[in-house]
Structure formats: structure tokens, C-alpha cells
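# Structural overview for review
Residue strings, one per chain:
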Amino acid sequence: MYRLGIDLGGTNIVAGVVDENYEIIAKASCKTNVPRPESEICDSMADVALKAIEKAKLTIDDIESIGIGVPGAVNPKTGVIEYSANLFFHNWQVVKMMEERLNTKICIENDANAAALGEYLAGSAKGAKNAIAITLGTGIGGGIIINGKIYSGSNYAGAELGHMVIVKDGKECACGRKGCWEAYASATGLINLTKQEILKENFDFSYMLKSCDGDINKVTGKTAFDAVLAGDANAKAVIDEYIGYLACGLVNIINIFQPDILCIGGGISNQGENLLAPLRTIVEKERYTKHNDKQTIICKASLGNDAGIIGAAFLE
């Protein structure tokens, strides 16, 4: 049995053929090149799907189903992408259009939900009954698995965990609300904190600025972490503040859902224990269940970008 997952992102479209053991046996990709008409993006998705199938030495008849993970508000029941800011579409009948092109069953889901399913099936959350996956990127993606199923609420728009407020009347979020967790604990939030600290420092002695070749516009989510390893006390203050914001949101999530496993993905998760160890220390102190025998395990997501492909492939 083979399935195919498509990760439709704002930058790239990636398709992967997945076997029954959740292994990706072939991939193909292309640039998304948005904004473009819906029909052209569907043509590109169909093209990369067929190329991945060809690389796997299979035919479309060997593929049981195809799933697509998409950023934004997705209605799996109707097959419609109701809104996607990254793709500039509203009420896109993507399932109908893709089934016309590939003549096989197509499923869609929010990309963060698909990634959470992938981690649950084959990654860090494998074996859990209830799990949550967080992705720290431009924003914060969240996916919730309850009793082995994606939880997305009554209108399929649930699990927008990045948009809970952790600072009342705080920084303005891209969603228009103020104080969202995403505004503080995403990779963008860390980059902004790093830049703010650099601007307060003496530029001639800023290790953080030197580490990005003296160009503040080259600051990334790694900049402050790298500077901490070099002994930069100001960078340490940035990381401590960032981890505090991240922990605040995680404690809220754990207190509400009490998952078996909470895994963290995205580029910042590559810091490993430099991120996770201090994060766990704060969570252990602040969680409501500190006296319970069973506690949520906090770990790094293990599948990277493959999580969304695997999860999408096994959508139903």
C-alpha cells in the first residue's frame, strides 16, 4: 500500500510517496511562486505528485489516496481552503480541482495538523494516545491529537495555539490581536528580541551583531544562541526572556490538554537541549500538575519537514 502526501507551502510544494511503514520512498518539489491562479498551483501540485510517483517506480493506480497539508483555515469535509494568507486564496475548491487532475481520492488538512499527525504516526509522538506538536517558525503552528485523531474544533479552525494571549495589550500580532504567544515565542519573536538587544548595545562590542557580519537584517533565530555559546551575557538575557515566553505558552497548553507528549519543531528546535533543558525547568515549576506521577514529556520533533508529508499521506 502506498499513499502520497503533499506539503503546500508559501515557498515550496513538496510531494512524497509514503509506504505502509510511514517511510518516504520518493520525493519531488517545485517552487510555489505565489501569487498565482488556483488552477496553476493545482497543475504544479499534480505535476510534483506524478514526478514523485514516477521516482518511486509506481503509477497513480498504486496510490491509495493523496493528502495535502495547507497553511490556513481548511475545511476537510468540504475540501475547501476557506482562507490562506500565505497563498492569497479564499474559498478555494482545491479537492475538486485536484481530483479532476489526478482521478483519485484527495484529502486536505491544515499543515500544522498534518505535521502533528506525522509525528504521532512515525515521529517523536509515536505510541502516545494524546499528543501536541508545536512548530516555531515565522509564526507558531499547533496540532492536537486526541485519542489518535486530529482535533480541529467544530469549524475545523481549532489548534491555533499561537494566538492565545500571554501578555494583555502586548505586542501586536499579525492576526490583529495584541499579546499573542506567536508575537513573543515564534522564530520571528526571537529575532525581534535579538535585534532590540543589539540596538541597545555598543555596536563595536556586540558579539550578536558580529556573528551576522555587522548587518542587523541578517539576524536569525540562531544568532543569540550562538552568541551565548561565545559567552555573551546580553545574548543570554535575550534567550532567557525568549524561553520564558515560550514556557508560558507551553504551561498553558499542558494545563489544558495534559498530553502524553508535546514535541517542538521548527528551526529553533535544532538548538536541542540548549532550548529544552531550561524550558523543562520552568514548565516543571509552573505546571498545575507538578505533584502528579504522570507528566507530559517535552521533546524535539524528529521528522522535520517530512512530518507534514507523512501526516498528509495518511489523512482520511
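Preceding this paragraph is the structure being described.
Anyway, here's the lowdown on the structure attached to this text.

Conventions adopted
Residues numbered from 1 in each chain as written. Predicted model: local features only at pLDDT ≥ 70, side-chain atom pairs only at ≥ 80, totals over all residues. Heavy atoms only, no water. Helix = DSSP H or I, 4+ residues; strand = E, 2+ residues; numbered from the N terminus. Rg over C-alpha atoms; globule rule 2.2 N^0.38 Å. Buried < 20%, exposed > 50% of the residue type's maximum accessible area, 1.4 Å probe, protein only. Contact = heavy atoms within 4.5 Å. Areas by Shrake-Rupley, 256 points an atom, 1.4 Å probe, with all protein chains shown as cover. Lys, Arg positive; Asp, Glu negative; His and termini not counted. Charge placed at Lys NZ, Arg CZ, Asp CG, Glu CD. Axes fitted to C-alpha atoms, helices over the stretch in contact; angles between N-to-C directions. Parallel < 35°, antiparallel > 145°, perpendicular 65-115°, else oblique. Left-handed = near helix turned anticlockwise from the far one by under 90°. Core = buried A, V, L, I, M, F, W, Y, C linked by side-chain atoms within 4.5 Å.

Another point: the overall build of the protein chain. Counting its regular elements, the protein chain contains 10 helices and 13 strands. Over its C-alpha atoms the protein chain spans a radius of gyration of 20 Å, differing by no more than 12% from the 20 Å that the globule rule assigns to 316 residues. Its C-alpha atoms give the protein chain principal-axis dimensions of about 60 × 50 × 35 Å. Taken across its 316 residues, the protein chain has 51% of its residues classed as buried. Considering only residue pairs separated by 6 or more positions, the protein chain has 61% of its internal contacts joining residues 24 or more positions apart. By element, 48% of the accessible surface of the protein chain is carried by carbon and sulfur atoms, the whole surface being about 14,800 Å². Counting 30 positive and 38 negative side-chain charges, the protein chain places the centres of these two groups 3 Å from one another.

This part takes up the side chain of serine 152. With respect to the helices and strands, the residue serine 152 is situated in the loop between strand S11 (149–150) and helix H4 (181–185). When near neighbours in sequence (up to four residues on either side) are disregarded, serine 152 contacts Asn113, Ala157 and Gly158.

Attention now goes to the packing of helix H8 (residues 233–257) against helix H9 (residues 273–286). Running from N to C, H8 and H9 cross one another at 50 degrees; their axes reach a closest spacing of 9 Å. One element, H8, and the other, H9, form an angle in the oblique class. Where H8 crosses over H9, the handedness of that crossing is right-handed. Counting all contacts with H8, which are made through Tyr242, Ile243, Gly244, Leu246, Ala247, Leu250, Val251 and Ile254, the residues of H9 involved are Asn274, Leu275, Pro278, Leu279, Ile282, Val283 and Glu286.

Grouped together as the largest cluster of nonpolar side chains are 47 residues, with contacts concentrated most on Ile134, Trp181, Tyr242, Leu246 and Leu250. The greatest single-element share of this core, amounting to 12 residues, is contributed by H8. Once residues within four sequence positions are removed from consideration, leucine 246 is found in contact with Leu136, Trp181, Ala185, Leu275 and Leu279. Membership of the second largest hydrophobic core comes to 34 residues, among which are Ile41, Ala56, Val94 and Met98.

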